[in-house]
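# Tertiary structure, described
Each chain is listed here by its residues.
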Amino acid sequence: MQIIFSPQCLEYQSPGHPESPIRVKAAYEFLKEKGFVFIEPKACSEEDILLAHSQELLDVVKNGKFFDADTPNLKGIFEYACLAAGAAVEAQEIALKRENAFSLMRPPGHHAGRDTLGGFCYFNNIAIAIAKALINPDFACLPARQAIAKSARRADRLNGSFAFRVKILGLIIRNAD
């Protein structure tokens, strides 16, 4: 298992906010103790972000010109969000080589839509990773160049990011318990 992680994702927080570094730090420490090795991610580019998001959303996050109670406007959040999205892209690239990969990063990225941030998510990391896979000529052998995105929480924002593409299917997978 290749785990993509950067300690930079632990550097920011909003006091009292439920999305905090505590869970990621605990997971990192547990996995490190078990002997897992971590890969440092590279930030995704603005070009990568624009594969799944509008220029307007990119500009709003980059320039810190937003207010959302669930998605705090924190110093450096654009850079942290780019790093988290880059980790998702890297995990996708590893997985498409038939190796196990996991991105252990924050901010999370499954609630952001094409034009909107929200739910602690500035960009939709999953959508960016899928969009990047779809344009990668090394993976042209994927059946019909389709990708299925699995999100245990929500696929609605993922579907919105790809409303203009007919080859993407978002699945909502819920535990039956």
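Position numbers for residues count from 1 along each chain, tracking the sequence in the order it is written. A pLDDT threshold of at least 70 governs which residues receive local features in this predicted model, and a stricter bar of 80 or more applies before side-chain atom pairs are shown or counted, although totals over entire chains, interfaces and linings include all residues. Hydrogens are left out, water is left out, and the side-chain values use all remaining heavy atoms of the structure.

## Description of helix 1 (residues 21–33)
The test is simple: The helix count covers DSSP runs of H or I at least four residues long, the strand count covers runs of E at least two residues long, and both are numbered beginning at the N terminus. Take the residue count of a helix, subtract one, and multiply by 1.5 Å to get its expected span. Buried, partly exposed and exposed residues are distinguished by accessible area as a fraction of the type maximum, computed with a 1.4 Å probe on protein chains only: under 20%, between the cut-offs, and over 50%, respectively. The directions from the helix axis to the C-beta atoms are what the arc is built from. Residue contacts follow a heavy-atom distance rule, with two residues in contact if any of their heavy atoms lie within 4.5 Å.
Relative to the 18 Å expected for 13 residues at 1.5 Å per residue, helix 1 spans 18 Å between its end C-alpha atoms, a close match to the ideal helical length. Here helix 1 has its buried residues at P21, V24, Y28 and L31. When helix 1 is viewed along its axis, its buried side chains cluster within an angular range of 105° and face the same direction. Across helix 1 from its buried face, at more than 90 degrees, point the exposed residues I22, R23 and E33. Where helix 1 is buried, its residues meet strand 1 (2–4) and strand 2 (38–39). Once helix 1 finishes, G35 follows within two positions and takes phi at roughly 95°, a positive value.

## Side note on helix 5 (residues 125–135)
Counting buried positions over the eleven residues of helix 5 gives eight, a clear majority of the element. Taken residue by residue, helix 5 has N125, A127, I128, A129, I130, A131, A133 and L134 as its buried positions.

## Remarks on the packing of aromatic side chains
Think of a pair of aromatic rings as described by two things: how far the centres are apart, and how the planes are tilted against each other in angle. What counts is decided by this rule: Ring pairs are drawn from Phe, Tyr and Trp, using the six-membered ring of Trp, whenever the two centres fall within 6.5 Å, and their geometry is named by plane angle: stacked under 30 degrees, edge-to-face over 60, tilted for the rest. Remark: a charge is flagged as sitting over a ring if the NZ atom of Lys or the CZ atom of Arg is within 6 Å of the ring centre and within 35 degrees of the ring normal.
Overall, the coordinates contain six aromatic pairs when judged by the stated rule. The interplanar angle of 55° and the centroid separation of 4.8 Å between the aromatic rings of Y28 and F38 together place this pair among those described as tilted. Residue Y28 is located in helix 1, and its partner F38 is located in strand 2; the two are separated by ten residues in the primary sequence. Ring pairs connect the aromatic residues F5, Y28 and F38, which therefore count as one cluster. The ring of Y12 carries R106 above its face, with NZ or CZ at 3.9 Å from the centroid.

## Overview of the packing of helix 4 (residues 77–95) against helix 5
Rules: Axes here refer to lines fitted to C-alpha atoms; in helices the fit is confined to the stretch in contact. Angles between the N-to-C directions go from 0 to 180 degrees. Put simply, angles under 35 degrees are roughly parallel, angles over 145 are roughly antiparallel, angles from 65 to 115 are roughly perpendicular, and the rest are oblique. By convention, the crossing between two helices is left-handed when the near helix turns anticlockwise from the far helix through less than a right angle, and right-handed when the turn is clockwise.
It is the contact of helix 4 with helix 5, at a shortest axis distance of 8 Å, that shows an interaxial angle of 45°. For the element pair helix 4 / helix 5, the angle class is oblique. By crossing handedness, the relation of helix 4 to helix 5 is classed as right-handed. Along the contact surface, helix 4 presents A81, A84, A85, A88, V89, Q92 and E93, while helix 5 presents N125, I128, A129, K132 and A133.

## Regarding the pattern of salt bridges
Defined as follows: Throughout this description, the term salt bridge denotes a Lys or Arg side-chain nitrogen within 4 Å of a carboxyl oxygen of Asp or Glu.
Evaluation of the coordinates by the stated rule reveals four salt bridges. Of the charged contacts in the structure, one is a salt bridge between D48 and K132, with a shortest N-O distance of 2.8 Å. Taken as a pair, D48 in helix 2 (residues 46–49) and K132 in helix 5 lie far apart in primary sequence, 84 residues in all. By relative accessible area, which is 7% here, D48 ends up buried.

## Focus on the confidence of the model for the chain
Heads up, the condition is: Predictor confidence is given residue by residue as pLDDT, running from a minimum of 0 to a maximum of 100.
For the chain, the average pLDDT comes to 82, and 78% of its residues sit at 70 or higher. Here residues 163–167 is modelled with pLDDT under 50, and outside its nearest four sequence neighbours on either side it reaches nine contacts, counting other chains as well. Note on residues 169–175: pLDDT under 50 across the span, and 21 contacts to partners over four residues away in sequence or across chains.

## A few points about the environment of N100
Along the chain, N100 falls in the loop between helix 4 and strand 3 (101–103). Overall, the relative accessible area of 56% leaves N100 in the exposed class. As for N100 and I3, which are separated by 97 residues in sequence, their C-alpha atoms are 8.6 Å apart. Aside from chain neighbours lying at most four places away, what touches N100 is M1, Q2 and I94.

## Things to note about unusual backbone geometry
Here R106 and P107 are connected by a cis peptide whose omega angle stands at 5°. Mapping P107 onto the fold places it in the loop between strand 3 and helix 5. A positive phi angle, close to 65°, is found at R98, a residue other than glycine. Within the element layout of this structure, R98 appears in the loop between helix 4 and strand 3. For R98, a relative accessible area of 81% corresponds to the exposed category.

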